[in-house]
Amino acid sequence: GDAGAQFALARMYANGRGVPEDGKAAELWYRRAGRQGDARALAELGRLYLDGKKVPQNSREALKLFEEAASKGSALGALELGLIYYEGEIVSKDYALSFQHFQRAARNGSVAAVDRLGHMTQRGYGTIPNIDAAIDLYRRAAAQGFERSIKRLFDFGVPIDSEDSHSLLSTLAP
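Residues numbered from 1 in each chain as written. Predicted model: local features only at pLDDT ≥ 70, side-chain atom pairs only at ≥ 80, totals over all residues. Heavy atoms only, no water.

## With respect to the overall build of the chain
And step 1. In terms of regular secondary structure, the chain is built from ten helices and zero strands.
And step 2. In terms of its C-alpha atoms, the chain occupies a principal-axis envelope of roughly 50 × 35 × 25 Å.
And step 3. Nonlocal contacts in the chain, meaning residues at least 24 apart in sequence, comprise 38% of its contacts between residues at least 6 apart.
And step 4. Between the centroid of the 23 positive side chains of the chain and the centroid of its 22 negative side chains there is a distance of 4 Å. (Helix = DSSP H or I, 4+ residues; strand = E, 2+ residues; numbered from the N terminus. Contact = heavy atoms within 4.5 Å. Lys, Arg positive; Asp, Glu negative; His and termini not counted. Charge placed at Lys NZ, Arg CZ, Asp CG, Glu CD.)

## Focus: the packing of helix H5 (residues 75-87) against helix H6 (residues 95-107)
And step 1. Remark: H5 packs on H6, axes separated minimally by 8 Å, with the N-to-C direction vectors making an angle of 160°. As far as their axial angle goes, H6 and H5 are roughly antiparallel. Classified by chirality, the crossing of H6 by H5 is left-handed. In this structure, H5 contributes Ala75, Ala78, Leu79, Leu81, Gly82, Leu83, Tyr85 and Tyr86 to the contact, and H6 contributes Tyr95, Leu97, Ser98, His101, Phe102, Arg104 and Ala105.
And step 2. Its residues placed into classes, the contact of H5 with H6 shows eleven nonpolar, three polar and one charged. (Axes fitted to C-alpha atoms, helices over the stretch in contact; angles between N-to-C directions. Parallel < 35°, antiparallel > 145°, perpendicular 65-115°, else oblique. Left-handed = near helix turned anticlockwise from the far one by under 90°. Nonpolar A, V, L, I, M, F, W, Y, C, P; charged D, E, K, R; others polar.)

## Looking at the packing of aromatic side chains
And step 1. Scanning the model with the defined rule gives five aromatic pairs in all.
And step 2. Considering the side-chain rings of Phe7 and Tyr30, the 5.8 Å spacing of their centres and the 50° angle between planes classify their relative orientation as tilted. You can see Phe7 sitting in helix H1 (residues 3-15) and its partner Tyr30 sitting in helix H2 (residues 23-35), a full 23 residues away along the chain. Both residues of the pair, Phe7 and Tyr30, count as buried.
And step 3. On the basis of an interplanar angle of 55° and a centroid distance of 6.2 Å, the ring pair of Tyr86 and Tyr125 is categorised as tilted. Here Tyr125 lies in the loop between helix H7 (111-123) and helix H8 (131-142) and Tyr86 lies in helix H5, a separation of 39 residues in the sequence.
And step 4. Taken together, the aromatic side chains of Tyr86, Tyr95 and Tyr125 make up a single cluster linked through ring pairs.
And step 5. When the ring centre of Trp29 is taken as origin, the NZ or CZ atom of Arg32, which lies over that ring, is 4.7 Å away.
And step 6. In this structure, Arg116 is placed above the aromatic ring of Tyr86, and the distance from its NZ or CZ to the ring centre is 5.6 Å. (Phe/Tyr/Trp six-rings, centres within 6.5 Å; stacked < 30°, edge-to-face > 60°. Buried < 20%, exposed > 50% of the residue type's maximum accessible area, 1.4 Å probe, protein only. Lys NZ or Arg CZ within 6 Å of the ring centre and 35° of its normal.)

## Section: the environment of Arg35
And step 1. Secondary-structure assignment places Arg35 in helix H2.
And step 2. When the C-alpha positions of Arg35 and Ser110 are compared, they lie 24 Å apart, and in sequence the two are 75 residues distant.

## Here's the deal with the nonpolar core
And step 1. Tyr30, Leu79 and Phe102 are the most contacted members of the largest nonpolar core, which totals 42 residues.
And step 2. Of all elements in the fold, only H1, H2, helix H3 (39-51), helix H4 (59-71), H5, H6, H7 and H8 reach the threshold of two or more residues within this core.
And step 3. No other element matches the eight residues that H5 contributes to this core.
And step 4. For Tyr30, the residues in contact, after removing those within four places along its chain, are Phe7, Ala10, Arg11, Ala14, Ala41, Glu44, Leu45 and Leu48.
And step 5. Counting seven residues, the second-largest nonpolar core is a separate cluster that includes Ala134, Tyr138, Ile150 and Leu153. (Core = buried A, V, L, I, M, F, W, Y, C linked by side-chain atoms within 4.5 Å.)

## Topic: helix H9 (residues 147-156)
Each full turn of the α-helix corresponds to 3.6 residues, which orients residues three or four apart in the same direction.
And step 1. By the burial criterion, the buried members of H9 are Ser149, Ile150, Arg152 and Leu153. For H9, the buried positions fall inside an angular range of 160° around the axis, keeping them on one side. (Arc of directions from axis to C-beta.)

## Topic: the pattern of salt bridges
And step 1. In this structure the tally under the stated criterion is eleven salt bridges.
And step 2. Two residues, Arg11 and Glu44, come together in a salt bridge whose shortest N-O distance is 3.9 Å. With Arg11 in helix H1 and Glu44 in helix H3, this pair connects stretches of sequence that are 33 residues apart.
And step 3. Since its relative accessible area comes to 39%, Arg11 is described here as partly exposed.
And step 4. Of the charged contacts, one joins Glu21 and Lys54 as a salt bridge, the two residues approaching to 4.0 Å between their closest N and O atoms. You can see Glu21 sitting in the loop between H1 and H2 and its partner Lys54 sitting in the loop between H3 and H4, a full 33 residues away along the chain. (Salt bridge = Lys/Arg side-chain N within 4 Å of Asp/Glu carboxyl O.)

This is a description of form; function is not addressed.
Here you go:
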């Protein structure tokens, strides 16, 4: 079958869009798409297992799926690995490895990973502390509308030109 169609079907079942929500059906279709190399499907299947609300929780399987997804270029897979190593609940906490996974996720387009890199750079978790570099990372994420980075910039009192201020504040105002 077509991996893209399988992925779309899995999302429909996972979110109950157009069909009744069904974790087992979502698991089946994500797995089929993943077998064909769909990195998004592998990462989403990992999320199902990590969350444990729609299918039985299986943290080890989630970790394995995130690793496979990240190796295939999935920003979500790398982001989830960064979070797992940052939190240290499934594996031993490892800030350096977490930082590396967030870097990979950021390179693959994850704005949330850019924000996380800013936080880790600010605090010196897994890297040398560097406030200027952290602010640059927060600006990158804020420029893409990432709310937490916008708030962090304002907390820092970072001057933002009026056009940027209007745009950033507009995303927080609703």
